[in-house]
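Examination of the molecular architecture
Single-letter residue listing:
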Amino acid sequence: MLHAEIDKTFKSGARVTATLDLSAGPSVTVLFGPSGAGKTTLLRCIAGLEELTAGRIVFKDQIWADAAQRRHLPTQKRAIGYLFQDYALFPHLKVRDNIGFGIHELSLSDRSERIMRTATSLQIGDLLDRWPSELSGGQQQRAALARVLVREPELLLLDEPLSALDGVARDHVRGELAQLLRRLQMPAIVVTHDWVDALSLGNRLHVMSRGIVLQEGTPQEVFARPQHAEVAAAVGMENLVKGHVKERGDGVVRLQVGRAELYAPDPQRDHAEFFVCIRGENVMLETGTRGQSSARNHLSGKVVEIASAGSLLKVTVDVGFEIAALVTRQAVADMRLEHGAEVAAVFKASAVHLIPASD
Amino acid sequence: MNWEAILTTLKLASATATVLVFIGLPISYWVAFSKWRWKFLVEAVVALPLVLPPTVLGFYVLVAMGPRSPFGQWYESLTGHGLPFTLEGLVIASTLYSLPFAVQPVAAAFRSVDRRMIEASWTLGVSSWGTFFRVIAPQAKAGLIAGFVLSFAHTVGEFGVVLMVGGNIPGVTRTISIHVYDEVQSLNYASAGMTSFALLVFSFLILSLVYSLNPRRGRII
């Protein structure tokens, strides 16, 4: 559906190259990486806001850009919906006119009807007479999304859709956006530098750094098996596995992960599958008899690998799935940990972070 | 009060400000958004009337529209009369003289429009023209009004260029500022004083209006 070979060199010498292929139907491709990696440049090239230095972009049967033939279809003619990082709502127009901005060619009654329908579906039907400056961050995002969706685009491009939000609002809007993207039945490309956003929203991940794509795959593949040190650093998560909900109650959820079971705080989301994230420094290792502890998770297994991780050691234990703990060299020596040693991985339920799996 | 001079001045200033809307807008747009590397040369030319003595500018304009110049000859063949010492000639000269007063506030206002707003408009399928009228102009409204008002007011107050190009023909090219000069020359201080005071009040009101449009003072002028 979309085939993009992008090669963009700026006057400063900075260069961004990537190949993207999106198949028809609903899919969310996440461009993930630190700021300055070239993610937004890719999005802007696809939108036609930047001209390619080399390469081509084809959407369905339409050539959007072909540097060799000096073809560049203007942004206005590309069937895209582009959500800007800070939403770029027009400050001189009320929410209603912002949403209706791109459907000016319709009759007044059709326009009003479409604005109302889209606004209602995004739960901002009662905000139409407000100015953008009177909206909260989450409401601004919905207004900007409505302005994009009302035009019924065929490809959605979202640039850091959650970066203008923080804390509770961000968690809330992230969940809503993930649901919306699943509901929309159209391909989307999302740029983010936040791995929680990447996991929550995407079912295809391209990790970028310094203008190139380092790795691509499903979020789980990329996070679990980073092929580059840079990817590993970018994802920054030692333990990431998929888990299946077995039981929930009392604010706690019991999950099956591999052959093991573990407890986590109930994220209050109606999902059966979650990405289970545990930071290595939150996993303790114990040998010998089990003592009393407040930690809910106590998983026994055997050490399968001990590797250096900066000043610490990363000890990987097979407890039914592979879990990595970051511990000091002194601790490893004191406990006489070695390959094959019997050990228990101990961590509190609150150290487990669950992210709804988007598949 | 010399109402004839006031009427001539108002006619000249309105015509000049109106012509500048049509000439100044595209120049301002180009100055604000062009990425041409030699753009500064055009900006310098536009700003020249700010530093040139009005007599120098007036001299060049007079030569350029005189009967021996190709432009002057072309105009005369078209209308049957020359440009110097006519109101049309004065409008051309005043347009050049007030150009920076129209271009600079408008270009500054265009530049201050957030680039992402313009791009957002494009991604919503709106053409460059549509984007200009629906995004750029409304957000640069204060600068547009300032540009119009300033070029009007600056034309009201001009002296050297009018004298060089228009001469001093009562009812045709004699403006308020020249009238004041004439009155002083003939030691008629009372009349000069009254007209000067009226011009002072007018100028103050105009500038107050411009500054009231612009909360962040000093950005537009």
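Here is a short report on the structure shown in this document. (Residues numbered from 1 in each chain as written. Chains lettered and ligands numbered in written order. Predicted model: local features only at pLDDT ≥ 70, side-chain atom pairs only at ≥ 80, totals over all residues. Heavy atoms only, no water.)

Brief notes about the overall build of chain A
- In terms of regular secondary structure, chain A is built from nine helices and 21 strands.
- Expressed as lengths along the three principal axes of its C-alpha atoms, the size of chain A is roughly 75 × 50 × 30 Å.
- Among the 359 residues that make up chain A, the fraction classed as buried is 51%.
- For chain A, the exposed area adds up to about 16500 Å²; of that, 47% sits on carbon and sulfur atoms.
- Between the mean site of the 41 positive side-chain charges and the mean site of the 43 negative ones, chain A shows a separation of 3 Å. (Helix = DSSP H or I, 4+ residues; strand = E, 2+ residues; numbered from the N terminus. Buried < 20%, exposed > 50% of the residue type's maximum accessible area, 1.4 Å probe, protein only. Areas by Shrake-Rupley, 256 points an atom, 1.4 Å probe, with all protein chains shown as cover. Lys, Arg positive; Asp, Glu negative; His and termini not counted. Charge placed at Lys NZ, Arg CZ, Asp CG, Glu CD.)

Focus: the sheet that holds strand E17 (residues 297-309) of chain A
Residues and elements named next belong to chain A.
- Pairing within the open sheet is antiparallel, and its five strands lie in the order E16-E20-E17-E18-E19. Strand pairing shows two members of the sheet lacking a second neighbour, strand E16 (284-286) and strand E19 (322-327), which therefore form its edges. The mean inter-strand angle of the sheet, taken between neighbouring strand axes irrespective of direction, is 45 degrees.
- With six bridges connecting them, strand E18 (residues 312-318) and E19 associate as antiparallel partners. What sits directly across from Asp318, in E19, is Glu322. (Pairing = 2+ DSSP bridges. Axes fitted to C-alpha atoms, helices over the stretch in contact; angles between N-to-C directions.)

Examining empty space enclosed by the protein
- Under the defined criterion, the tally for this structure stands at one cavity of 30 Å³ or more.
- Among the secondary structure elements, those contributing two or more residues to the lining of the largest cavity are strand E7 (80-83) and helix H4 (137-149) of chain A together with helix H6 (115-123) of chain B.
- If one sorts the elements of the lining of the largest cavity by residue count, E7 of chain A sits on top with three residues. (1 Å grid on protein atoms, 1.4 Å probe; cavity = no way out; pocket = protein on both sides within 12 Å on 5 of 7 lines; lining within 4 Å. Points joined across faces, edges and corners; volume = space filled by probe spheres on them.)

Some thoughts on the nonpolar core
Residues and elements named next belong to chain A.
- In terms of nonpolar packing, the biggest core is built from 53 residues, with Ile99, Leu181 and Trp195 touching the most fellow members.
- Broken down by element, the residue count for this core peaks at six residues, all from H4.
- Excluding residues that lie within four positions of it along the chain, Leu181 makes contacts with Val28, Leu156, Leu158, Ala188, Val190 and Leu201. (Core = buried A, V, L, I, M, F, W, Y, C linked by side-chain atoms within 4.5 Å. Contact = heavy atoms within 4.5 Å.)

Considerations on the packing of aromatic side chains
- Throughout the structure, instances matching the rule amount to 16 aromatic pairs over all chains.
- Taking 5.1 Å as the distance between ring centres and 80 degrees as the angle between the ring planes, the aromatic pair formed by Phe132 of chain B and Phe133 of chain B counts as edge-to-face.
- Judged by its relative accessible area of 10%, Phe132 of chain B falls in the buried class.
- Its relative accessible area of 52% is what places Phe133 of chain B among the exposed residues.
- An aromatic cluster of three or more residues is present, and its members are Tyr29, Phe33, Phe110, Trp129, Phe132 and Phe133 of chain B.
- For Lys8 of chain A, the ring lying beneath its charged end belongs to Phe10 of chain A, and the centroid distance is 5.2 Å. (Phe/Tyr/Trp six-rings, centres within 6.5 Å; stacked < 30°, edge-to-face > 60°. Lys NZ or Arg CZ within 6 Å of the ring centre and 35° of its normal.)

Concerning the interface of chain A and chain B
- Listed as interface residues are 20 residues of chain A and, on the opposing side, 16 residues of chain B.
- Around 1700 Å² of area is buried between chain A and chain B when both sides are counted, 64% of it from carbon and sulfur atoms.
- For chain A, the biggest contributors to the area lost against chain B are Gln76, His92 and Phe101 of chain A; these three give 35% of the whole.
- Summed over the shared surface of chain A and chain B, the result is six residue pairs in polar contact (both at pLDDT 80 or more).
- Of all the secondary structure elements, the ones that give two or more residues to the side of chain A that touches chain B are E7 and H4 of chain A.
- Looking at the side of chain A that touches chain B residue by residue, the class counts come to 11 nonpolar, five polar and four charged. (Buried area = accessible area lost by both parts, 1.4 Å probe. Polar contact = N/O pair within 3.5 Å; in protein donor to acceptor, adjacent residues only side chain to side chain. Nonpolar A, V, L, I, M, F, W, Y, C, P; charged D, E, K, R; others polar.)

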